[in-house]
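Geometric and topological summary
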Protein chains: 2
Amino acid sequence: MKEFEHYIKSYFGIVQEEDLKNIVSFFKLKTIQKGNFLLKPNSVCEKLCFVESGILRTYRTTDTKEITLWISKKGHFSADISSFIFEIVSQWEIQALVDTEVYIITKEDYNKIGALVQKWPEFEKTFTISCFSVLEERVFSHLSMTAEERYESYFQQNKELFNQVPLQYIASFLGMTPETFSRIRKKQLL
Amino acid sequence: MKEFEHYIKSYFGIVQEEDLKNIVSFFKLKTIQKGNFLLKPNSVCEKLCFVESGILRTYRTTDTKEITLWISKKGHFSADISSFIFEIVSQWEIQALVDTEVYIITKEDYNKIGALVQKWPEFEKTFTISCFSVLEERVFSHLSMTAEERYESYFQQNKELFNQVPLQYIASFLGMTPETFSRIRKKQLL
DNA sequence: GTAAATTCTTGATTTTTGTCAAGTAGAAAG
DNA sequence: CTTTCTACTTGACAAAAATCAAGAATTTAC
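The name given to chain A in an unreviewed UniProt entry is Crp/Fnr family transcriptional regulator, with Flavobacterium jejuense as the source organism.

The next subject is the overall build of chain A. A count of helices and strands for chain A gives 8 helices and 8 strands. In summary, chain A has a C-alpha radius of gyration of 17 Å against a globular reference of 16 Å for 190 residues, a match within 12%. For chain A, the C-alpha atoms occupy an extent of roughly 55 × 35 × 30 Å along the three principal directions. Within the span of chain A, comprising 190 residues, buried residues form 50% of the whole. Across chain A, contacts joining residues at least 24 apart in sequence account for 69% of those joining residues at least 6 apart. Side chains of chain A give 24 positive and 25 negative charges; the mean places of these two sets differ by 5 Å.

For DNA strand D, the set of nearby residues contains 16 residues, the closest of which are L167 and R183 of chain A together with K34, A147 and T180 of chain B. Take the atoms of DNA strand D that sit within 4 Å of the protein: sugar and phosphate atoms are 67% of them. R183 of chain A places a polar side-chain atom, nitrogen or oxygen, 2.7 Å from a base nitrogen of DNA strand D. Side-chain polar atom of R183 of chain B to a base oxygen of DNA strand D: 3.3 Å apart, as the coordinates give it. Breaking the surface near DNA strand D down by element, the ones donating at least two residues are α7 (167-174) and α8 (178-189) of chain A together with α9 (178-189) of chain B. By residue number, the principal contributor to the surface near DNA strand D is α8 of chain A, which donates 5 residues. Considering only residue class, the surface near DNA strand D consists of 4 nonpolar, 5 polar and 7 charged.

Moving on: the nonpolar core. If you look at the biggest cluster of nonpolar residues, it comprises 124 residues, and the most contacted ones within it are I8, I23 and I71 of chain A together with I8, I23 and I71 of chain B. When residues no more than four places from it in sequence are discounted, the contact partners of I71 of chain A are I55, L56, H76, Y154, L161, V165, Y169, I170 and F173 of chain A.

Across the boundary between the two partners, chain A contributes 36 residues, which contact 36 residues of chain B. Taking both sides of the interface into account, the surface hidden between chain A and chain B amounts to around 3200 Å²; carbon and sulfur atoms contribute 74%. At the boundary of chain A with chain B, the tally comes to 4 salt bridges. Among the salt bridges present, the one from E124 of chain B reaches K125 of chain A, with a minimum N-O distance of 2.8 Å.

When glycine is set aside, most residues are seen to have a negative phi, and most peptide bonds are trans. All names here are of chain A. The backbone of N42 sits at a positive phi, close to 65 degrees, despite the residue not being glycine. With respect to the secondary-structure elements, N42 resides in the loop between β2 (37-39) and β3 (47-53). For N42, a relative accessible area of 59% puts it in the exposed group.

Okay, the sheet that holds strand β8 (residues 100-106) of chain B next. Sheet strands associate in pairs through backbone hydrogen bonding, adopting either a parallel or an antiparallel arrangement. All names here are of chain B. Taken together, the 4 strands give an open sheet; going across it, the order is β1-β8-β3-β6, and neighbouring strands pair in antiparallel fashion. On the outer flanks of this sheet lie β1 (28-32) and β6 (77-78), each paired with one strand and no other. Relative to β8, β1 is paired through 5 bridges, and the arrangement is antiparallel. Bridge pairing in β8 links I32 to T100.

All names here are of chain A. Counting buried residues in strand β5 (residues 66-72) gives 6 out of 7 residues, a clear majority hidden from the surface. Both strand β4 (residues 56-61) and β5 contribute to a ladder of 6 bridges, which runs antiparallel. Within β5, the residue paired with R57 across the bridge is I71.

Residue and element names in this part refer to chain A. Read from one edge to the other, the open sheet built from 4 strands follows the order β1-β8-β3-β6, with strand pairing classed as antiparallel. Two strands in the sheet have a free side with no partner beyond their single neighbour: β1 (28-32) and β6 (77-78). Both β3 and strand β8 (residues 100-106) contribute to a ladder of 6 bridges, which runs antiparallel. Across the sheet, the residue bridging to K47 is T106, located in β8. Against the sheet, helix α1 (residues 3-12) touches β3, β6 and β8, its axis set at about 130 degrees to β3. Strand contacts of helix α4 (residues 107-116): β3 and β8, with the helix running at about 55 degrees to β8, the strand carrying the most contacts.

How each quantity is defined
Residues numbered from 1 in each chain as written. Chains lettered and ligands numbered in written order. Predicted model: local features only at pLDDT ≥ 70, side-chain atom pairs only at ≥ 80, totals over all residues. Heavy atoms only, no water. Helix = DSSP H or I, 4+ residues; strand = E, 2+ residues; numbered from the N terminus. Rg over C-alpha atoms; globule rule 2.2 N^0.38 Å. Buried < 20%, exposed > 50% of the residue type's maximum accessible area, 1.4 Å probe, protein only. Contact = heavy atoms within 4.5 Å. Lys, Arg positive; Asp, Glu negative; His and termini not counted. Charge placed at Lys NZ, Arg CZ, Asp CG, Glu CD. Near = heavy atom within 4 Å. Polar contact = N/O pair within 3.5 Å; in protein donor to acceptor, adjacent residues only side chain to side chain. Nonpolar A, V, L, I, M, F, W, Y, C, P; charged D, E, K, R; others polar. Core = buried A, V, L, I, M, F, W, Y, C linked by side-chain atoms within 4.5 Å. Buried area = accessible area lost by both parts, 1.4 Å probe. Salt bridge = Lys/Arg side-chain N within 4 Å of Asp/Glu carboxyl O. Pairing = 2+ DSSP bridges. Axes fitted to C-alpha atoms, helices over the stretch in contact; angles between N-to-C directions.

Here is the structure:
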């Protein structure tokens, strides 16, 4: 079984091989060139994608600054979920930071899964609630941890990103300025 | 139609009156006395509840401090969603800050809805994705706003809570100390 | 109603983080 | 290879927020 299939199985809580095969069959492997966009602001998110290799960044530009909401590496999903599901206009943009391979499913195909996979609503629920939990822990980290603790925690989990992603994006993702990030970094290296 | 029903209709995206009646019929109105718990830590969340009146607080106690994740007022739902859905142990506790009327549905009854309401998976999805969006905006607020801006924004939306909820809980919810909260508060009043 | 406990406020101080500005290093383009 | 652009670092300083401690106000318990 491909690694991608393992991830799908786990994220969606799938048990039967046939269900897995059916779901996976809708995903198509594509390459996004560095700098290209998977989602443009003020449009509807029409693709849900799974990062097979490379890195995607989800961000929003405000009057004064750019906010990075997600940095998605191998094994992560990426999309504006509420835009994708409700077909409403998204405020976010998603860009490839390096050449990135993604398994993509379009909204059109996504809507077809239900007819093929009887338990799809259950799988979909597993997926969305898991996403919810990840976010909840992230809120908790902002309520309970300092910038330095968030740095340390993220660094431990994502070491490999620190020499691939412009550090200012990681800083924004963690809710601090590039300068603060740089100083914490220096401190940790000593 | 009762106000409660309006909220259910809107949160779950229900169109047909019959679906609404069926879903609503599972919820029972109960009163939680001030100080009593809807969820105790290290237990599974077995109830999803809707606040009809009063206020609930969801929080977690760490080694050094107590973190308030949610303050739920009239019109809000309250539960540990992932614990409720996956039936896993919750890290959170939910306590009534004043005598609180809630419409409660047990997990047992919740599981019965599907048999009665054909479109239930669709409604459930609408509900969970909406919850996700709320959280996402909250993460965004921590990435993009100062403590003072978060205070101001929350105050504008929840003025009535400021003379009912111990302010230290609101401070924690907004990710700041009670002292900082108190000083911002003083500043705003001038 | 009074005492006790809790919550809130305030001041003084320290720590953390942000801002501004300059300089350096590194990547991309020609 | 050289130039240009961008990202990163560093220093000096300012602002924001946390901490500690004390006192005032409010709530709770008796």
